[in-house]
Amino acid sequence: MAQCVSRVELSVSCRRLLDRDVGSKSDPLCVLLQDVGGSQWAELDRTERIKNCQNPEFSKKLVVDYHFEKVQKLKFGVYDIDNKSPDLNDDDYLGGIECTLGQVVSSSVFTRPLELKEGKPAGQGTITISAEEIKDTRVVYLEIEARNLDKKDFLGKSDPFLELYKQSDAGAWQLVYRSEVIKNNLNPCWRKFSVPLQTFCGADFNKPIKVQCADHDSDGSHDLIGIFETNLTQLQKAGDGSPVEFECIHPEKKQKKKSYKNSGIIRIKSCKVETDYSFLDYVMGGCQINFTVGVDFTGSNGDPKSPDSLHYISPDGINEYLIAIWSVGSVVQDYDTDKLFPAFGFGAQVPPSWQVSHEFALNFNPSNPYCQGIQGIVDAYRQILPQIRLYGPTNFSPIINHVARFAAHSAQQGTASQYFILLIITDGEITDLDQTRQAIVNASKLPMSIIIVGVGEADFKAMEFLDGDNGVLKSLTGEPAARDIVQFVPFRKFKNAPREALSQMVLAEVPKQLVSYYKLQGWPPVKLPEIQK
């Protein structure tokens, strides 16, 4: 069983960043990557982007699971973002640092000079990181609107946004949330948002909170509209149709003008404190993770007897299919008590009728396709190879729909007791792309995740499309996936990396996917954590 981990929240700020934009300042964003072995880095989290700012204080915290027993190598990269794509390869690099999470948590404030590459400083730029353990899983949900705000722009109305600050024990104000900007509107209604209780007020309901409303200017010189101070106890009085109102006061105007009343009214429409559960809460609360494997036996893999086939088993007894089964299976099996894993093949002609099948049991036992442990899957794979004929087409949807039927049955219980992971290992050619898109969109509403490992040297464009990292996957009819449930990884990236690198990369998204499903359903863990805060 994985060690219980504490979650750590990292606050990031930078000073004196390089200026990469002509005519204005850089628009920085900070990305956090973790070393997953074999010189591969996986993105863990990223901050928001701040426009026209060389000394950013990011409001979005970066959250990391802290494992005491592992050296967790981290890389912080600061980029100047000038486009909408999430891909950072087309953005200017403003510098970064590498360190370990242990270094950050063991120093109360960790400041380092930014480097463009090892030994080459990024001008005068520095990065400061401070860590706080998240000891509380409660979250504050707020809905805020305003009316009659002061007009700040010469030609139009104001472009208001909110900033919420908590007061530190030393008395300094620390930013905890920055809202979106609402253009040209003196009666704005901001999007509902949530902030972890620990971040919001250190879980102290009476800690002073400062709410500041300002008029956004694209050059970064925002004009203050007004401020007020409150605390969570007061905010919580809002809800059920009775909002709490605060006067938004501009201190200088108040001093200058006797007749000054306020610069607008800020209304808290609702304020709720709810519990957010983690992946470990669900797993330790009794959620079983069911692991199913689907193996591509189509003709494009090549004849298994030929050494250049992807199914050729080398003299030392392995091939890429087997390595993928081992490395992913060995991590997932810890979360499944019975260690019985259904394993299927698709795209081959199967005896005795030699019909093409898109979901045949590797052990040739359709009524009981379970293999005993990961070794059982490996043994079944080795035994079946000489007995089938590789054929085609390559259809993914039957096996996705097969696992989805089990997931749908389990979801009817209405508890967070079963989650399903389907590992598909393929050479990347796919025939039923449209049906597969529909199958994934359907599955996104169920307790399941799909991992696709691409073996061989093919073009994996279709697999990357299914992964949905560059936008939400939609079915042919335009229905979007409810959650992102597909993670695609090309095996060739990991050819020379240690075994655990592949599994860490493919399983990186699963905890988030599992939690997002149960959160969507509003289901708590079956057994609640011992200490309910």
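The name an unreviewed UniProt entry assigns to the protein is Copine-3, from the organism Anseranas semipalmata. Turning to the protein, the UniProt annotation filed under Sequence similarities (unreviewed entry) states: "Belongs to the copine family." Under Subunit (unreviewed entry), UniProt gives the following word-for-word description of the protein: "Monomer. Interacts with ERBB2 (preferentially with the tyrosine phosphorylated form); this interaction occurs at the cell membrane and is increased in a growth factor heregulin-dependent manner. Interacts with SHC1; this interaction may mediate the binding of CPNE3 with ERBB2. Interacts with RACK1."

Regarding the overall build of the protein
Counting its secondary structure elements, the protein contains twelve helices and 26 strands. The C-alpha radius of gyration of the protein comes to 27 Å, within 12% of the 24 Å expected for a compact globule of 533 residues. Based on the C-alpha atoms only, the size of the protein along its principal axes is roughly 95 × 55 × 45 Å. Counting across all 533 residues of the protein, residues that qualify as buried make up 52%. For the protein, the separation between the mean place of its 58 positive charges and that of its 68 negative charges on side chains is 6 Å.

Digging into the environment of G119
Residue position: G119 is located in the loop between β7 (110-117) and β8 (120-134). Between the C-alpha atom of G119 and that of A170, which follows or precedes it by 51 residues, the distance is 36 Å.

Let's talk about the pattern of salt bridges
This structure, assessed with the given rule, holds 19 salt bridges. Between R7 and D65 there is a salt bridge whose closest N-O contact spans 3.0 Å. Highlighted residues: R7 in strand β1 (residues 6-15) and D65 in strand β4 (residues 62-66), separated in sequence by 58 residues. We classify R7 as partly exposed; its relative accessible area is 36%. A residue is classified by how much of its surface remains accessible, and D65, at 34% relative accessible area, is partly exposed. With a closest N to O distance of 2.8 Å, D150 and K253 form a salt bridge. Within this pair, whereas D150 is found in the loop between β9 (138-147) and β10 (160-167), its partner K253 is found in helix α4 (residues 251-256), the two being separated by 103 residues in sequence. Since its relative accessible area comes to 31%, K253 is described here as partly exposed. Because the salt bridges share partners, they merge into one network encompassing E145, R147, E245, R267 and K269.

A few points about a nonpolar patch on the surface
On the surface, a nonpolar cluster with roughly 260 Å² of combined accessible area is contributed by L340, Y370 and F406. As for its position among the elements, L340 is in strand β18 (residues 340-346). Its relative accessible area of 31% is what places L340 among the partly exposed residues.

What counts and how
Residues numbered from 1 in each chain as written. Predicted model: local features only at pLDDT ≥ 70, side-chain atom pairs only at ≥ 80, totals over all residues. Heavy atoms only, no water. UniProt positions renumbered as here; feature names shortened; annotations may be inferred. Helix = DSSP H or I, 4+ residues; strand = E, 2+ residues; numbered from the N terminus. Rg over C-alpha atoms; globule rule 2.2 N^0.38 Å. Buried < 20%, exposed > 50% of the residue type's maximum accessible area, 1.4 Å probe, protein only. Lys, Arg positive; Asp, Glu negative; His and termini not counted. Charge placed at Lys NZ, Arg CZ, Asp CG, Glu CD. Salt bridge = Lys/Arg side-chain N within 4 Å of Asp/Glu carboxyl O. Patch = residues over 30% accessible without salt bridge, like charges linked within 9 Å, V, L, I, M, F, W, Y side chains within 5 Å. Areas by Shrake-Rupley, 256 points an atom, 1.4 Å probe, with all protein chains shown as cover.

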